[in-house]
Amino acid sequence: GATLQVRSAHLQAEGLGRLAASARIDLDPLKLREGALALADADLAVIGPRWLAPLLAPAQAEQLVFSGQLSAGLRFADDRLLGLDASFEQAGVALRDEAGTRLAFGPVDGHLPWQAGKRSAARLEIGGGRWEKLTLGPFVLDAELSEDEIRLERTAAALLDGKVVLEGLHLRRGAQGWAGVGSVFVEPLSMPELTAALGL
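Scoring rules and cut-offs
Residues numbered from 1 in each chain as written. Predicted model: local features only at pLDDT ≥ 70, side-chain atom pairs only at ≥ 80, totals over all residues. Heavy atoms only, no water. Helix = DSSP H or I, 4+ residues; strand = E, 2+ residues; numbered from the N terminus. Contact = heavy atoms within 4.5 Å. Salt bridge = Lys/Arg side-chain N within 4 Å of Asp/Glu carboxyl O. Buried < 20%, exposed > 50% of the residue type's maximum accessible area, 1.4 Å probe, protein only. Patch = residues over 30% accessible without salt bridge, like charges linked within 9 Å, V, L, I, M, F, W, Y side chains within 5 Å. Areas by Shrake-Rupley, 256 points an atom, 1.4 Å probe, with all protein chains shown as cover.

Next up on the list: the environment of A121. Within the secondary structure layout, A121 lies in strand β7 (residues 120-126). As a C-alpha pair, A121 and I150 span 29 residues in sequence and 9.8 Å in three-dimensional space. Ignoring sequence-local partners within four residues, the contact set of A121 consists of P113 and A143.

Right, dumping it as structure tokens:
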């Protein structure tokens with residue numbers, strides 16, 4: 001009749017690992033009634049440049065380098081996202097040009113669950129980061145997620161001989177989009193080390 005039922009669909013492609021989907025679609029008018037997508041052990045080094053880089057930084061897509069693995073699940077109903085569950089294993093991203101690596105983040109390990117109408121807890125363990133010659137030490141992101149809110153626990157990352165601390169970050173989605181409050185401060189840093197790292 002006017003409904004297409006996809007009970008099981010599987011796609012094989014380089015870097016995707018295992019991709020499976022199911023859906024129930026109204027054809028007249030066209031509407032996604034129910035849908036589910038599962039991705040297991042995707043190789044970010046392969047899918048990152050093709051699918052993620054154009055979304056994250058279109059102007060610098062060719063300079064982004066990805067690593068690690070991603071597994072994820074998505075659930076939809078009535079054209080609305082109901083759930084997202086993502087797991088990262090040794091995931092990382094770096095921005096490189098002729099001068100070398102300018103920005104790097106990772107490796108990232110952890111779990112990011114989200115469900116419409118429910119609260120959940122996410123935890124990401126991040127191996128560190130780098131911007132030019134400044135290096136961030138390992139840190140952990142603990143967050144409470146709900147349909148329209150993100151609350152981030154106090155997070156501290158080593159920077160030179162001090163720390164960068166993010167505290168009280170609370171984001172909320174309203175009629176005008178996402179907005180939030182929070183604070184960031186830097187614990188005392190050695191000025192000789194900082195100016196040397198910045199080339200001053």
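There's more to say after this.
Turning next to the pattern of salt bridges. Between side chains of opposite charge, pairing is possible as soon as their charged atoms come close. Counted by the stated rule, this structure contains 15 salt bridges. Note that D26 and R33 form a salt bridge whose closest N and O atoms lie 2.6 Å from each other. The class of D26 is buried, set by a relative accessible area of 16%. Ionic pairing is found between R154 and E167, a salt bridge with its closest N-O pair at 3.0 Å. Of this pair, R154 sits in the loop between β11 (149-152) and β12 (155-159) while E167 sits in strand β13 (residues 162-174), placing them 13 residues apart in sequence. We classify E167 as partly exposed; its relative accessible area is 32%. Salt bridges here are not isolated pairs; linked through shared partners, they connect R119, E144, E149, R151 and R172.

A grouping of L103, W131, L198 and L200 is seen on the molecular surface, where their side chains present a nonpolar patch of about 460 Å² in accessible area. Residue position: L198 is located in helix α2 (residues 191-198). We classify L198 as partly exposed; its relative accessible area is 40%.

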